Amino acid sequence: MTDAARMPAMDDPDAIAGAAMSLYPESCRGTPRLLCLSENATYRVDLPDGGRRVLRVHRPGYHDADEIRSELAWLDSLRRDGIRAPVPVRGLDGEWLHHVAPPGVAGRHVVMFHWIAGTQPTADIDPASFARLGRITAHLHRHSRQWSRPPGFRRRSWTHATMVGPDAPWGRWQEARGLDRASHDVIARAVERIGGENWRIMDRGRSVLA
């Protein structure tokens, strides 16, 4: 075995974004430009005809293929219920989800979406926008109560424990970069208090259901 074969694959979302273009029709191919790097790497793809697409390169080891497909099924159900939601783009193979692993690069899942124009909220946001946000949120709540999940649907359950507990998928908040002692103590008190309130609410819920 050569030294190169023993070396771990490099994590390079830019290389994955570039390689992913060949998976889509010519009309959806362009040069990916990084928009945001958070849990995922999100790219803007400018098309030759002046249109745009969004390519999401998923964080490795976070959501698996079944969880991502479940999210896409949920988005599809939102659109059918009259809620504006991102529309995924099918690849040449007819699939929405792809796994891309260029030579020497650690593979990641990718999904392309049609572009939805918007702006970043600022302090000057029109107060009327909050009323619209409230209506959308109410619609989402109604949808969540009525929607029958398809077979195999699986997504993470976000609770106090899974968000800030010792086994939280995002890691221990205590190990965040730049966290000084004073900030640590403030957050620790907040986490403890919220955790206590969370359990009291759950206990009240159980007593009502008993």
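Residues numbered from 1 in each chain as written. Predicted model: local features only at pLDDT ≥ 70, side-chain atom pairs only at ≥ 80, totals over all residues. Heavy atoms only, no water.

J.: Just checking my understanding: could you explain the overall build of the protein for this structure?
T.: Helix and strand content of the protein: six helices and five strands. Across the 210 residues of the protein, 25% fall into the buried class. Across the protein, every contact between residues at least 6 apart in sequence was considered, and the portion connecting residues at least 24 apart equals 58%. Per element, the accessible surface of the protein, about 14300 Å² overall, is 56% carbon and sulfur. (Helix = DSSP H or I, 4+ residues; strand = E, 2+ residues; numbered from the N terminus. Buried < 20%, exposed > 50% of the residue type's maximum accessible area, 1.4 Å probe, protein only. Contact = heavy atoms within 4.5 Å. Areas by Shrake-Rupley, 256 points an atom, 1.4 Å probe, with all protein chains shown as cover.)

J.: Where do I start with the packing of aromatic side chains in this structure?
T.: For any pair of aromatic rings, the description consists of the separation of the ring centres together with the inter-plane angle of the planes. The tally for this structure, following the rule as stated, stands at one aromatic pair. Taking the centre distance of 5.3 Å and the plane angle of 90° together, the rings of Trp-147 and Phe-153 count as edge-to-face. For Phe-153, a relative accessible area of 24% corresponds to the partly exposed category. The lysine or arginine in question, Arg-52, covers the ring of Trp-115, its NZ or CZ lying 5.1 Å from the ring centre. Above the face of the Tyr-62 ring, Arg-59 is positioned so that its terminal group lies 5.1 Å from the ring centre. (Phe/Tyr/Trp six-rings, centres within 6.5 Å; stacked < 30°, edge-to-face > 60°. Lys NZ or Arg CZ within 6 Å of the ring centre and 35° of its normal.)

J.: What's the story with the pattern of salt bridges in this structure? I'm lost.
T.: Oppositely charged side chains can form a pair if their charged atoms are brought close together. Scanning the model with the defined rule gives 15 salt bridges in all. Here Arg-108 and Asp-11 are joined by a salt bridge, their closest N and O atoms 2.9 Å apart. Taken together, the positions of Arg-108 in strand S5 (residues 108-114) and Asp-11 in the loop between helix H1 (3-6) and helix H2 (13-20) put the pair 97 residues apart, joining distant regions of the chain. For Asp-11, a relative accessible area of 44% puts it in the partly exposed group. Between Asp-46 and Arg-33 there is a salt bridge; the shortest N-O distance is 3.1 Å. Linking Asp-46 in strand S2 (residues 41-46) with Arg-33 in strand S1 (residues 31-37), this pair joins segments that are 13 residues apart in sequence. Judged by relative accessible area, Arg-33 falls into the partly exposed class, the value being 43%. Sharing partners across several salt bridges, the network here consists of Asp-64, Asp-66, Glu-67, Arg-69 and Arg-154. (Salt bridge = Lys/Arg side-chain N within 4 Å of Asp/Glu carboxyl O.)

J.: Could you clarify how one ought to interpret the sheet that holds strand S3 (residues 52-57) in this entry?
T.: Paired through backbone hydrogen bonds, the strands of a sheet run either parallel or antiparallel to each other. In space, the five strands of this open sheet follow the order S1-S2-S3-S5-S4, with antiparallel pairing throughout. Each end of this open sheet is capped by a strand with a single partner; those strands are S1 and strand S4 (97-100). Mean inter-strand twist for the sheet, computed between neighbouring axes without regard to direction, equals 30°. Across the sheet, H2 is in contact with S1, S2, S3, S4 and S5; its angle to S3 comes to roughly 130°. (Pairing = 2+ DSSP bridges. Axes fitted to C-alpha atoms, helices over the stretch in contact; angles between N-to-C directions.)

J.: Hey, could you run me through the layout of surface pockets in this one?
T.: Gaps left between atoms are located by rolling a probe of water-molecule size over the structure's atoms. The calculated volume of the largest pocket comes to roughly 1100 Å³. Of all the secondary-structure elements, those providing two or more residues to the lining of the largest pocket are S3, helix H3 (65-80), S5 and helix H4 (128-146). When residues of the lining of the largest pocket are assigned to their parent elements, the largest contribution, six residues, is made by H4. For the lining of the largest pocket, the residue count by class is 14 nonpolar, 12 polar and six charged. Empty space within the second largest pocket amounts to approximately 430 Å³. Lining the second largest pocket are 14 residues, with Trp-74, Ser-144, Trp-147, Arg-149 and Phe-153 sitting closest to its centre. Secondary-structure elements contributing two or more residues to the lining of the second largest pocket are H3 and H4. (1 Å grid on protein atoms, 1.4 Å probe; cavity = no way out; pocket = protein on both sides within 12 Å on 5 of 7 lines; lining within 4 Å. Points joined across faces, edges and corners; volume = space filled by probe spheres on them. Nonpolar A, V, L, I, M, F, W, Y, C, P; charged D, E, K, R; others polar.)

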